[in-house]
Amino acid sequence: MRIGIVNGPNLRLLGRREPEIYGTATLDDICEALRTKAAELGVEVDFFQSDSEGEICAKLGDMVDQWDGVVINPAAYTHSSLAIQDALKGTRIPTVEVHLSNVFRRESIRSNMVTTAACLGVISGFGTNSYLLALEALVHFLRMYK
Ligand code: DQA
């Protein structure tokens, strides 16, 4: 089983980016934790980060026959991107969305979730652990229903 881990804009700045909101773990730290969790679960993980909406859509299209599932943090595109919503719906790759912060207790615009409509579910507010919980939930789903 091969899972794509997709991270959107500004997440490569994690560690130094608003640590009071996003914590001090870097994107590399999160990838390392995911690698360990993936080994425990017996799945493969591929990592992709882009600040560009178009590149994220293109990657999902390119990997449509390669990835069994996706864990995605679309970052700010969550709140605006019909293009990423369409890419997720179009590829039909089972996807779990994650957010480090609890977007629902922040500015009201962040409660507007556009990409989430194309996902199995969303985990928001647990920092690095959001990703690990999402990977577990996704693998569980794929083993049960695919
Ligand atoms: C985020 C939440 C988004 O609202 C924000 O634009 C991000 C990060 C999170 O992981 O908490 O860039 O997706």
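Numbers given to residues run from 1 along each chain, matching the order in which its sequence is written. Residues qualify for local features only when their pLDDT is at least 70, as the model is predicted, and side-chain atom pairs are given and counted only at 80 or more; totals for whole chains, interfaces and linings, by contrast, use all residues. Hydrogens and water are ignored here; the side-chain numbers use all heavy atoms of the structure.

> Tell me about helix H2 (residues 27-41), residues and numbers included.
A run of H or I in DSSP counts as a helix once it spans at least four residues, and a run of E counts as a strand once it spans at least two, with each numbered from the N terminus. Any helix carries an expected span of 1.5 Å times its number of residues minus one. Here H2 is 15 residues long and its end C-alpha atoms lie 21 Å apart, about the 21 Å a rise of 1.5 Å per residue gives. Summary of the burial criterion: residues with accessible area below 20% of their type's maximum are buried, those above 50% are exposed, and those between are partly exposed, where the area comes from a 1.4 Å probe applied to protein chains only. When we look at burial in H2, the residues that qualify are Leu 27, Ile 30, Cys 31, Leu 34, Lys 37 and Ala 38. Take H2 and look down its axis: the buried residues cluster within an arc of 125°, on one side only. Of the exposed residues in H2, those oriented more than 90 degrees away from the buried face are Asp 28, Ala 39 and Glu 40. Whether two residues are in contact is decided by their heavy atoms: any pair within 4.5 Å suffices. In this fold, the buried residues of H2 make contact with strand S1 (2-7), strand S2 (44-49) and helix H5 (128-145). As used here, the arc is the angular range of directions from the helix axis to the C-beta atoms.

> Provide a residue-level description of the sheet that holds strand S4 (residues 95-99), including the pertinent values.
Spatially, S2-S1-S3-S4-S5 is the arrangement adopted by the five strands of the open sheet, whose pairing is parallel. Where the open sheet ends on each side, the last strands, each with one partner, are S2 and strand S5 (121-124). Adjacent strand axes in the sheet meet at a mean angle of 20° when their direction is disregarded. Looking at chain direction, strand S3 (residues 69-73) and S4 are connected through three bridges and run parallel. Pairing between two strands is assigned when DSSP locates at least 2 bridges connecting them. An axis is simply a line fitted to the C-alpha atoms; with a helix, the fit covers only the stretch in contact. Between two such axes, the angle follows the N-to-C directions and lies from 0 to 180 degrees.

> An account of the side chain of Gln 85 is needed here, citing residue identities and associated values.
Along the chain, Gln 85 falls in helix H4 (residues 82-91). The class for Gln 85 is buried, based on a relative accessible area of 10%. Not counting the four nearest positions on each side in its chain, Gln 85 is found in contact with Val 114, Thr 115, Ala 117 and Ala 118.

> Kindly report on the packing of aromatic side chains, identifying the contributing residues and their values.
Whether two aromatic rings pair depends on their centres lying within 6.5 Å, for rings of Phe, Tyr and Trp, where Trp uses its six-membered ring; planes under 30 degrees apart make the pair stacked, over 60 edge-to-face, and the rest tilted. One pass over the structure, following the stated rule, counts one aromatic pair. Seen from their ring centres, Phe 141 and Tyr 145 are 5.2 Å apart, and the 45° between their planes marks the pair as tilted. With Phe 141 and Tyr 145 both in helix H5 and four residues apart, this pair spans about one turn of that helix. For Phe 141, a relative accessible area of 22% translates into the label partly exposed.

Structural measurements only, silent on function.
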